[in-house]
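Coordinate inspection notes
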Amino acid sequence: MGVIPVAAAAGLPLTHLTMAFTIAHPGVTSALLGTRTMEHLDDVLAGLDVTLTDEILDRIDEIVPPGTDIGTLDQTYRPPALTDPALRRRPVAARSAA
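Quick look at helix H4 (residues 54–63) now. All of the buried residues in H4 are Ile56, Leu57 and Ile60. Summarising the axial view, the buried residues of H4 lie within an arc of 100°, below the 170-degree limit, and thus occupy one face. Across from the buried face of H4, at angles greater than 90 degrees, the exposed residues are Asp54, Glu55 and Glu62. Structurally, H4 contributes buried residues whose contacts are with helix H1 (3–9) and helix H2 (14–24).

Spelled out as structure tokens, the structure:
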């Protein structure tokens, strides 16, 4: 069982469940949102108003126990920036936000 049924049982969109889960854990110091549109951002930010119960948090912990590594890095893949130093930095003119 994954977390999608947990969100459905709680009557929450998955995006709200994930944001509320992140906020509930003191070990999480920041959340990377990764939205591409204002609609996505508005949807994720609506999860800020959600407070998960201990029961829901316990159900999530049963699915993915704390400290679980859910994936391993592909050790054979080497990002191009590791093999080509020219790809590690933007050109000087493009390094400023101004």
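Remark: H2 packs on helix H3 (residues 38–46), axes separated minimally by 7 Å, with the N-to-C direction vectors making an angle of 55°. Looking at the two axes, H2 sits oblique to H3. In this structure, the crossing between H2 and H3 has a hand that is right-handed. Across the interface between the two elements, Thr15, His16 and Met19 of H2 pack against Asp43, Val44 and Ala46 of H3. In terms of residue class, the contact of H2 with H3 is built from three nonpolar, two polar and one charged.

The predicted model of the protein averages 83 in pLDDT, with 90% of residues at 70 or higher. Looking over the protein, one finds the lowest element-wise mean pLDDT in helix H5 (residues 80–83), namely 76, and the highest in H1, namely 95.

Val6, Ala7, Leu12, Leu17, Ala20, Val50, Leu52, Ile56, Leu57 and Ile60 together form the largest nonpolar core, which totals 10 residues. At the level of secondary structure, the elements contributing two or more residues to this core comprise H1, H2 and H4. Apart from the residues within four sequence positions on either side, Leu52 is in contact with Leu12, Leu17, Ala20, Phe21, Leu57 and Ile60.

Calculation notes
- Residues numbered from 1 in each chain as written.
- Predicted model: local features only at pLDDT ≥ 70, side-chain atom pairs only at ≥ 80, totals over all residues.
- Heavy atoms only, no water.
- Buried < 20%, exposed > 50% of the residue type's maximum accessible area, 1.4 Å probe, protein only.
- Helix = DSSP H or I, 4+ residues; strand = E, 2+ residues; numbered from the N terminus.
- Arc of directions from axis to C-beta.
- Contact = heavy atoms within 4.5 Å.
- Axes fitted to C-alpha atoms, helices over the stretch in contact; angles between N-to-C directions.
- Parallel < 35°, antiparallel > 145°, perpendicular 65-115°, else oblique.
- Left-handed = near helix turned anticlockwise from the far one by under 90°.
- Nonpolar A, V, L, I, M, F, W, Y, C, P; charged D, E, K, R; others polar.
- pLDDT = per-residue confidence, 0-100.
- Core = buried A, V, L, I, M, F, W, Y, C linked by side-chain atoms within 4.5 Å.

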